[in-house]
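Here's the letter readout for the chains.
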Amino acid sequence: RPDIKSVVKGADVTDVSSVAENVMPAVVAINCEVEKSTVSYDFFGRGHEQKEKGISSGTGIIVGQSDREVLIVTNNHVIEDAVKVGIEFCNKETVQAEVKGTEAGNDLAVVAVKLSDLPGDTINQIRLATLGDSDAVKMGDFVIAIGNALGYGQSVTVGYISAKNRQITEEGVTLNLLQVDAAINHGNSGGALLDANGQVIGINSAKY
């Protein structure tokens, strides 16, 4: 099988461009076709099901591969209700993905792309993200966020860890989060939160 290289090079805090250049090949844009079912009731109380179609966008992180697939982690709410999941890699190659598993309670999902669907030049360009230790993060630590902000493609923002263990409840799901002051926009969901060495210490999940 063709093996995807891992991200190994770190960088100084002041050298954000090197971190971004090194990690960007491990980050993907996710664009989904979604379909939601709603029920409306007429005057006599009879229910009528309607299906609403739309588009959602987010981000994913390449975290592993098997003999046949590339594995990508993202937020569950990015791919929820999706009937098609498109993955756009760093070289703009777009491939359809399959949802492998979801965990709504942690807002996590894993999707997979078949290695056989990827051209050789794409395999040579993409990378596996290096996972860091989120438990070791301290308030005031420098962080970098990479994601498909506003659905326009990958962008980079920077900031600091503002607080740890922030509990947020949304749609009945309570998450225990890191709070950062880096700009996070719609489409950043599922993207990588990195430390100064380019290691993934979190997944951008919510903005307030």
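Our subject is the structure that appears above.
Predicted model only: the values in this text are computed from it and were never measured.

Report on unusual backbone geometry, specifying residues and quantitative values.
A positive phi is found at D81, a non-glycine position, where the angle reads about 70°. Here D81 lies in the loop between α2 (76-79) and β5 (82-88). D81 gets classed as partly exposed once you look at its relative accessible area, which sits at 37%. For D107, which is not a glycine, the phi torsion comes out positive at approximately 55°. Along the polypeptide, D107 turns up in the loop between β6 (94-103) and β7 (108-114). On the basis of relative accessibility, which here comes to 10%, the residue D107 falls in the buried class.

Can you break down the environment of R1 residue by residue, with the values?
Among the structural elements, R1 can be located in the segment before β1 (5-6). Taking the C-alpha atoms as reference points, R1 and G64, separated by 63 residues in sequence, lie 14 Å from one another. Beyond its immediate sequence surroundings of up to four residues, R1 is in contact with Q65, S66 and D67.

An account of the sheet that holds strand β11 (residues 173-180) is requested, with residue identities and associated values reported.
Each strand in a sheet pairs with another by means of backbone hydrogen bonds, the pair being arranged parallel or else antiparallel. As summarised here, the arrangement of the five strands in space is β11-β10-β9-β12-β13, forming an open sheet in which the pairing is antiparallel. If you trace the sheet from one side to the other, it starts and ends with β11 and β13 (200-203), each paired once. For this sheet the average axis-to-axis angle between neighbouring strands, irrespective of direction, equals 45°. Looking at chain direction, strand β10 (residues 155-170) and β11 are connected through seven bridges and run antiparallel. The partner of Q167 across the bridge, within β11, is N176. Packed onto the sheet, helix α1 (residues 16-23) meets β9 (142-147), β10 and β12 (192-194) and runs at close to 40° relative to β9.

Thresholds, definitions, all that
Residues numbered from 1 in each chain as written. Predicted model: local features only at pLDDT ≥ 70, side-chain atom pairs only at ≥ 80, totals over all residues. Heavy atoms only, no water. Helix = DSSP H or I, 4+ residues; strand = E, 2+ residues; numbered from the N terminus. Buried < 20%, exposed > 50% of the residue type's maximum accessible area, 1.4 Å probe, protein only. Contact = heavy atoms within 4.5 Å. Pairing = 2+ DSSP bridges. Axes fitted to C-alpha atoms, helices over the stretch in contact; angles between N-to-C directions.

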